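Reading the structure
Read off the chains here:
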Amino acid sequence: MQPTVAIILVNWNSFEVTNDCIISLKEIQYAAHTIVMVDNGSTDGSGKQLKQLHPEIVLIESATNQGFTGGNNLGFEYSIKQGFDYSLLLNNDTFVEPDFLNHLVNYMEAHPKVGIVQPRIHFNHDRSLLWNGGSYYSKWLGFLYTKGFNRKTSAKYLQFKEVDWITGCAFLTKNSILRKTGLLAPNMFIYSEDVDLSFRIKALGYQLMYHPHSVIYHIAGMSNKSKTKGKEGFVNPIVHYLNQRNRIWLLKKYTPWYCVPTATLCNIFYISLIMGYFAVRRRFTKLKAVISAVKDGLSGHIAPAFGEFSEKK
């Protein structure tokens, strides 16, 4: 009997995008799966439309937009409470190869020391280009980075690799592990929440793996850009706020004491460059957003995400 997998999608006013993802998932070869779609406070009726079109999916409706973290946590909670063996978090703006889930589950089943695994992720607009070929963290500089971005696939991206963190675009983990670590940090809302969860899983002694034979395609950037460019540019100022605030929270939580001087200096320099750029371009709303992010980053912290299902509270 195959282990059971809950495939968790979050929809927010995105009927066409989410519909395309569900259609893609209907072609997968792994039988023991259920699509769990969280409608994250949509105002366009897309959640109910998708359920009518695909009655086999599980629909969880949230009255408000709880962000990437809150929306996916609703899916995780359902998966755990219903007794699924695994949860697969998958962005709704993705397309998948039919065998992608077989590869991930089989690898996890064969490697009990692996706590979480991600597929090889390509751009959808040009499927020859990588979007994520593995994610890493420089503790000395306090910087997160990915390898392979916008590059053609080569031999080094076709190898199994242990990585420092797993992208929230797509990952598979055991629900027994989520019971120990807790879910995505609710107050992060979006951005770097995958890094925080990855580090918590790694702290339990598990490996984080990149699987080169499991392949998906990502549209990328669906939620953070407007269709037209205003005086503040395409990217919403809240994106810069959340990115920089969460960056500081991660630094505070995970930087080893011996790396604090170099990581602090590098990030002060980096954030100063961003602020200087916005000032020169007269994008003052974004400048204020980054200033607020620094204040809130220094005063706040990443909240834990344990629920009634957790083994520790």
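Presented here is an overview of the structure given in this document. Fair warning: this is a prediction, and the values are worked out from it, not measured in the lab.

Glancing now at the overall build of the protein. Counting secondary structure elements, the protein contains 9 helices and 14 strands. For the protein, the C-alpha radius of gyration of 19 Å lies close to 20 Å, the compact-globule estimate for 313 residues. The principal-axis extents of the C-alpha atoms in the protein amount to approximately 55 × 45 × 45 Å. Across the 313 residues that make up the protein, the buried fraction comes to 54%. Looking at the protein alone, contacts between residues at least 24 apart form 75% of all its contacts between residues at least 6 apart. Total accessible area computed for the protein in this model is approximately 14,500 Å², and 57% of it derives from carbon and sulfur atoms.

Residue Phe189 is not a glycine yet carries a positive backbone phi of 70°. Note that Phe189 resides in the loop between helix 5 (175–181) and helix 6 (193–203). Positioned with a positive phi, Ser192 is a non-glycine residue whose angle comes to about 70°. If you trace the backbone, Ser192 turns up in the loop between helix 5 and helix 6.

Judged by nonpolar contacts, the single largest core of 33 residues is most densely connected at Val5, Leu25, Leu88, Leu90, Phe100, Leu101 and Leu172. The element best represented in this core is helix 4 (residues 100–110), accounting for 6 residues. With near-sequence residues (within four places) excluded, Phe100 lies in contact with Leu25, Ile28, Leu88, Ser214, Val215 and Ile216. Membership of the second largest hydrophobic core comes to 30 residues, among which are Leu130, Phe171, Leu183 and Tyr191.

Under the defined criterion, the tally for this structure stands at 10 aromatic pairs. Ring geometry for Phe123 against Phe149: centres 5.4 Å apart, planes inclined by 70°, an arrangement best described as edge-to-face. In this pair, Phe123 sits in strand 6 (residues 114–123) while Phe149 sits in the loop between strand 9 (143–146) and strand 10 (161–162), placing the two residues 26 residues apart along the sequence. Residue classification places Phe123 among the buried residues on the basis of a relative accessible area of 8%. Aromatic side chains Trp257 and Tyr258 sit 5.6 Å apart centroid to centroid with 85° between the ring planes, which places their arrangement in the edge-to-face category. Members of the aromatic cluster, each reached through a chain of ring pairs, are Tyr137, Phe199 and Tyr254. Over the aromatic face of Tyr217 sits the side chain of Arg127, whose NZ or CZ is 3.9 Å from the ring centroid. Directly above the aromatic system of Tyr136 lies the positively charged group of Lys147, at a separation of 4.7 Å from the ring centroid.

Another point: the side chain of Ser46. Relative to the elements of secondary structure, Ser46 occurs in helix 2 (residues 46–53). You can call Ser46 buried: its relative accessible area is 0%. With near-sequence residues (within four places) excluded, Ser46 lies in contact with Asn11, Asn13, Ser14, Phe15 and Asp39.

Right, let's talk about a nonpolar patch on the surface for a bit. On the surface, Trp140, Leu141, Trp257, Tyr258 and Val260 cluster together into a nonpolar patch covering about 570 Å² of accessible area. As for its position among the elements, Val260 is in helix 8 (residues 260–280). Given a relative accessible area of 37%, Val260 falls into the partly exposed group.

Turning next to the environment of Phe149. Judged by its relative accessible area of 46%, Phe149 falls in the partly exposed class. Counting along the chain gives 142 residues from Phe149 to Ile291, while the straight-line C-alpha distance between them is 29 Å. Excluding residues within four positions of it along the chain, Phe149 makes contact with Phe123, Leu130 and Trp131.

Let us look at the packing of helix 8 against helix 9 (residues 284–299). Put simply, helix 8 and helix 9 touch, their axes get as near as 8 Å, and they point 155° apart. Our classification of the angle between helix 8 and helix 9 gives roughly antiparallel. Relative to helix 9, helix 8 is oriented so that their crossing is left-handed. Contact residues: Ile271, Ile274, Met275, Phe278 and Ala279 in helix 8; Phe284, Lys286, Leu287, Val290, Ile291 and Val294 in helix 9. Here the contact of helix 8 with helix 9 is built from residues that sort into 10 nonpolar, no polar and 1 charged.

Definitions and limits used
- Residues numbered from 1 in each chain as written.
- Predicted model: local features only at pLDDT ≥ 70, side-chain atom pairs only at ≥ 80, totals over all residues.
- Heavy atoms only, no water.
- Helix = DSSP H or I, 4+ residues; strand = E, 2+ residues; numbered from the N terminus.
- Rg over C-alpha atoms; globule rule 2.2 N^0.38 Å.
- Buried < 20%, exposed > 50% of the residue type's maximum accessible area, 1.4 Å probe, protein only.
- Contact = heavy atoms within 4.5 Å.
- Areas by Shrake-Rupley, 256 points an atom, 1.4 Å probe, with all protein chains shown as cover.
- Core = buried A, V, L, I, M, F, W, Y, C linked by side-chain atoms within 4.5 Å.
- Phe/Tyr/Trp six-rings, centres within 6.5 Å; stacked < 30°, edge-to-face > 60°.
- Lys NZ or Arg CZ within 6 Å of the ring centre and 35° of its normal.
- Patch = residues over 30% accessible without salt bridge, like charges linked within 9 Å, V, L, I, M, F, W, Y side chains within 5 Å.
- Salt bridge = Lys/Arg side-chain N within 4 Å of Asp/Glu carboxyl O.
- Axes fitted to C-alpha atoms, helices over the stretch in contact; angles between N-to-C directions.
- Parallel < 35°, antiparallel > 145°, perpendicular 65-115°, else oblique.
- Left-handed = near helix turned anticlockwise from the far one by under 90°.
- Nonpolar A, V, L, I, M, F, W, Y, C, P; charged D, E, K, R; others polar.

Keep in mind these values describe shape, not function.
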